[in-house]
Amino acid sequence: DGGITQSPKYLFRKEGQNVTLSCEQNLNHDAMYWYRQDPGQGLRLIYYSQIVNDFQKGDIAEGYSVSREKKESFPLTVTSAQKNPTAFYLCASSSPGTASYEQYFGPGTRLTVT
Amino acid sequence: LAKTTQPISMDSYEGQEVNITCSHNNIATNDYITWYQQFPSQGPRFIIQGYKTKVTNEVASLFIPADRKSSTLSLPRVSLSDTAVYYCLVGPYTGTASKLTFGTGTRLQVTL
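Residues numbered from 1 in each chain as written. Chains lettered and ligands numbered in written order. Predicted model: local features only at pLDDT ≥ 70, side-chain atom pairs only at ≥ 80, totals over all residues. Heavy atoms only, no water.

(A) Main features of the overall build of chain B. Across its full length, chain B holds 0 helices and 9 strands. For chain B, the succession of helices and strands along the chain, N to C, is β-β-β-β-β-β-β-β-β. Taking 2.2 N^0.38 as the reference for a compact globule, 112 residues should give roughly 13 Å; the C-alpha atoms of chain B span a radius of gyration of 13 Å, in line with that estimate. Along the longest, intermediate and shortest principal axes, the C-alpha atoms of chain B span 40 × 30 × 25 Å. Considering chain B as a whole, with its 112 residues, one finds that 46% of them fall into the buried category. Here the contacts in chain B between residues at least 6 apart in sequence split such that 57% fall between residues at least 24 apart. When the accessible surface of chain B is totalled, it reaches about 5600 Å², and 52% of it is carbon and sulfur. (Helix = DSSP H or I, 4+ residues; strand = E, 2+ residues; numbered from the N terminus. Rg over C-alpha atoms; globule rule 2.2 N^0.38 Å. Buried < 20%, exposed > 50% of the residue type's maximum accessible area, 1.4 Å probe, protein only. Contact = heavy atoms within 4.5 Å. Areas by Shrake-Rupley, 256 points an atom, 1.4 Å probe, with all protein chains shown as cover.)

(B) Examining the environment of A:V19 more closely. All names here are of chain A. If you trace the backbone, V19 turns up in strand β3 (residues 19-25). Each C-alpha atom, one on V19 and one on L111, is 9.2 Å from the other, the two residues being 92 residues apart in sequence. Dropping the residues within four chain positions of it, V19 is found in contact with L11, R13, L76, T77, V78 and L111.

(C) Examining the state of the cysteines more closely. Taken as a whole and assessed by the stated rule, the structure comprises 2 disulfides over all chains. Sulfur-sulfur distance for the disulfide between A:C23 and A:C91 comes to 1.8 Å. One disulfide, between A:C23 and A:C91, carries an S-S torsion of -70° and so falls in the left-handed class. With A:C23 in strand β3 and A:C91 in strand β9 (residues 87-94), this pair connects stretches of sequence that are 68 residues apart. Just as A:C23 is buried, A:C91 falls in that class too. Across the disulfide from B:C22 sits B:C88; the S-S distance is 2.2 Å. Its S-S torsion of approximately -80° makes the covalent link between B:C22 and B:C88 left-handed. With B:C22 in strand β2 (residues 18-23) and B:C88 in strand β8 (residues 84-92), the pair connects residues that are 66 residues apart, well separated along the chain. We classify B:C88 as buried; its relative accessible area is 1%. (Disulfide = S-S within 2.5 Å.)

(D) Examining the sheet that holds β3(A) more closely. Residues and elements named next belong to chain A. Here 4 strands make up an open sheet; going across it, the order is β1-β3-β8-β7 and the pairing antiparallel. Of all the strands in the sheet, just β1 (4-7) and β7 (64-66) have a single pairing partner and so form its edges. Averaged over all neighbouring strand pairs, the angle between strand axes comes to 20°, with direction disregarded. In this structure, β7 lies alongside strand β8 (residues 76-78), joined through 3 bridges in antiparallel fashion. Bridging from a neighbouring strand, V66 pairs with L76 of β8. (Pairing = 2+ DSSP bridges. Axes fitted to C-alpha atoms, helices over the stretch in contact; angles between N-to-C directions.)

(E) Representation of unusual backbone geometry within the structure. Looking along the chain, the bond that leaves A:S7 and enters A:P8 is cis, with omega of -10°. Residue B:R68 is not a glycine yet carries a positive backbone phi of 60°. Mapped onto the elements, B:R68 comes out in the loop between β6 (61-64) and β7 (70-75).

(F) Representation of the side chain of B:S61 in the model. As for its placement among the helices and strands, B:S61 is situated in strand β6. Within the local environment of B:S61, its side chain forms a polar contact with the side chain of B:T56, the two groups lying 3.1 Å apart. (Polar contact = N/O pair within 3.5 Å; in protein donor to acceptor, adjacent residues only side chain to side chain.)

(G) Representation of the packing of aromatic side chains in the model. On inspection of all chains with the given rule, the structure shows 8 aromatic pairs over all chains. Plain terms: the ring middles of A:Y33 and A:Y35 are 6.2 Å apart, the flat faces sit at 25° to each other, and that makes the pair stacked. Classification of A:Y33 by relative accessible area gives buried; the value is 0%. Cluster of aromatic residues (ring-pair linked, three or more members): A:Y33, A:Y35, A:Y48, A:F105, B:Y36 and B:F46. Cation over ring: A:R110 sits above A:F88, and NZ or CZ is 4.6 Å from the ring centre. One Lys or Arg, B:R68, reaches over the ring of B:Y51 and ends 3.9 Å from the middle of that ring. (Phe/Tyr/Trp six-rings, centres within 6.5 Å; stacked < 30°, edge-to-face > 60°. Lys NZ or Arg CZ within 6 Å of the ring centre and 35° of its normal.)

Structure follows, in structure tokens:
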């Protein structure tokens, strides 16, 4: 059963702590993405990666970091430098053999920082 | 990336056909039009993509006029489960990872 998994579904942290969100895919997709969604808003791109060991900043990369050591995994770290980390975080992937705008999304992680 | 404009919200009764129009006046020659659906607290789901004229799949139809400055997503006979936010995106078919820009979308509410 192919797909994208994100864990955990809900995450709570204290202000000042770094936190890492997990994203794993078994679709054999080369490209992976991280988005942030705030209430009533659209998605904003944080980082994306076209291949292993390579990634690019999206529109709102400040305060976030990523790694892409394996094709299947693209973890996102929300650092203490991120001013407003509370949000819904979505991971996605796509295959270069298909239209780049056909992306497959995970179920999301809702992060709450207090 | 081409800017898109959609209605903020729409209401429909169950069983009706719903048409959501997206305006994209500065669409480029190599841009495609893509629509996604998102339910609350879930990731968006790809619905349909097209370049010109009409595209139809098991879920929806996409109508694109000759000038491609707008497009219309048509949902036939909606049900309560079609209540969701629908996003229109415009961008190039590059075959590699590229930026997706989501606006605020159109919130469709289907009632009995």
